Amino acid sequence: MEQQLARYRELEAKLGDPDVAGDPAKFGVVAKEHGSLTKVVKPYQDFLELHEAIQQTEAMLADAELKPMAEEELATMRPRYEALKTKIEDQLLIEPGEDFDRLIVEIRGGTGGDEAALFAGDLYEMYSRYARTQGWTIENIEHSPGEAGGFKEVVFGVKGEGVFQRLRYESGGHRVQRVPKTETQGRIHTSAATVAVLPEPDEVQVEINQEDIEWERMRAGGAGGQHVNKTESAVRIWYRKGTPDEMEVKCQDERSQGKNYERAMRILRSRLFERQQQRLHKERADARKSQIGSGDRNSRIRTYNFSENRCTDHRIGVTVYRMDAVLAGDLDIMVQPMLDAVKKEKLAAAT
């Protein structure tokens, strides 16, 4: 933290340098780094100030007249001190390049037909409600409706402070156990959906060479009225077509071909970045033999059982009987225990 504080002060001095201030490109780079460091350094500065204030107040305990007032002040300051300490600890455990405030979430219905699509819709609503409680913004990017409701696939963006740190471990297989509306004999069916949480990098972090992509215009399919059926506004992009690295992205929700192309490129950039991060994460996970928070979208991470109102995270063995609250957007019930488990693991590895 002292190193980051020193760098922060160095950047502050640069922002006041006429040579930097007079060069928009240089100023922009410095201002961006300064801004990203501010949210890390500010809690540390508050921590140092509070630490000094606590020491001064503790010295007052030796004075019989001042002791009651000092004890009252310490009762307020010490919880704030511990909260700041925890916040700084959490910040230090964020690995370089993983402090994103924008991400793309992809939800796909898996096994279970119509019921899987309905469950994918439930997950979309759960994340949307959770985002609103956190003050984040949701941007719908692409969706494919299920025949009986819900989504075969839905892609959306989420933007806000701390969004990646709180949602990053949602990637994986989500399983639901319930009686479908179409079931006449009351039998419980098991269906599944997959969730992928993709950090949204900027163009500097993931550069895509134009010679590596091919794209085509096409008519959008599905519901949407005359415009969707008659206008070639949909876009399909192939990345390194015909190679082992091939990747395909399609966008059709926007009326403008240009906007669909832009959104498709955002999804492609996020998927490429995820591929890079998965390789890096595997190396780190192999080194520490960790299975928690692997981010493997093929692994089953959570089960939602409607008859028991039960929600279970299989990675850390946590079960709560408040599934209705979780699906209603109170996702911290499941998110916080996971974050605590990952933090405990990282702290153990650091000692």
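Description of the structure in this document. (Residues numbered from 1 in each chain as written. Predicted model: local features only at pLDDT ≥ 70, side-chain atom pairs only at ≥ 80, totals over all residues. Heavy atoms only, no water.)

## What to know about helix 4 (residues 67-92)
Note the threshold: The numbering of helices and of strands both runs from the N terminus, where a helix is a DSSP run of H or I of at least 4 residues and a strand a run of E of at least 2. The span one expects for a helix is its residue count, reduced by one, times 1.5 Å. To get the bend at a given residue, fit one axis to the seven residues ending there, fit another to the seven starting there, and take the angle between those axes. Here's how the labels work: a residue is buried when its accessible area is under 20% of the maximum for its type, exposed when over 50%, partly exposed in between, all with a 1.4 Å probe on protein chains only. What makes two residues a contact is simply this: any of their non-hydrogen atoms within 4.5 Å.
Between its first and last C-alpha atoms helix 4 spans 36 Å; for 26 residues at 1.5 Å apiece the expected length is 38 Å, and the two agree. Along its length, helix 4 shows its largest kink, about 25°, at L74. Among all positions in helix 4, only A70, L74, M77, Y81, L84, I88 and Q91 are buried. Buried residues in helix 4 make contact with helix 3 (24-59).

## Some details on the packing of aromatic side chains
Heads up, the rule is: Two rings belonging to Phe, Tyr or Trp (six-membered ring only in the last case) form a pair when the distance between their centres is within 6.5 Å. Interplanar angles under 30 degrees mark stacking, angles over 60 mark edge-to-face geometry, and anything in between is tilted. Cation placement over rings: the criterion is NZ of Lys or CZ of Arg within 6 Å of the ring centroid and within 35° of the ring normal.
Throughout the structure, instances matching the rule amount to 9 aromatic pairs. With a centroid separation of 5.5 Å and 75° between ring planes, the pair formed by Y124 and F151 is classed as edge-to-face. Of this pair, Y124 sits in helix 5 (residues 114-134) while F151 sits in strand 3 (residues 151-159); the two residues are 27 residues apart in sequence, bridging distant segments of the chain. Accessibility classification places Y124 together with F151 in one group, the buried group. The rings of Y44, F47 and Y81 are connected pair by pair, giving a single aromatic cluster. Here R178 stacks its cationic end above the ring of F306, 4.8 Å away from the centre of that ring.

## Structural notes on the packing of helix 3 against helix 4
For any two helices packed against each other, the geometry comes down to the angle between their axes and how far apart the axes lie. What counts is decided by this rule: Geometry is summarised by axes, namely lines fitted to C-alpha atoms with helices restricted to the contacting stretch, and by angles between N-to-C directions that run from 0 to 180 degrees. By the definition adopted for this analysis, an angle is roughly parallel if under 35 degrees, roughly antiparallel if over 145, roughly perpendicular if from 65 to 115, and oblique otherwise. For a crossing to be left-handed, the near helix must be turned anticlockwise from the far one by less than a right angle; the clockwise case is right-handed. Each residue is assigned to one class: nonpolar for Ala, Val, Leu, Ile, Met, Phe, Trp, Tyr, Cys and Pro, charged for Asp, Glu, Lys and Arg, and polar for all the others, Gly among them.
One way to put it is that helix 3 packs onto helix 4 with a least axis distance of 9 Å and a crossing angle of 150°. Overall, the two elements helix 3 and helix 4 adopt an arrangement that is roughly antiparallel. Helix 3 and helix 4 meet at a crossing whose hand is left-handed. On helix 4, the residues touching K39, V40, P43, Y44, D46, F47, L50, H51, A53, I54, T57 and E58 of helix 3 are A70, E73, L74, M77, R78, R80, Y81, L84, K85, K87, I88 and Q91. Residue composition of the contact of helix 3 with helix 4, by class: 13 nonpolar, 3 polar and 8 charged.

## Description of the packing of helix 1 (residues 2-15) against helix 3
At a minimum axis separation of 8 Å, helix 1 and helix 3 run at an interaxial angle of 135°. Overall, the two elements helix 1 and helix 3 adopt an arrangement that is oblique. The handedness of the crossing between helix 1 and helix 3 is left-handed. From helix 1, E2, Q4, L5, R7, Y8, L11, E12, K14 and L15 reach across to helix 3, where they touch F27, V30, A31, E33, H34, L37, T38, V40, V41, Y44, Q45 and L48.

Remember that the coordinates give geometry; whether it matters functionally is a separate question.
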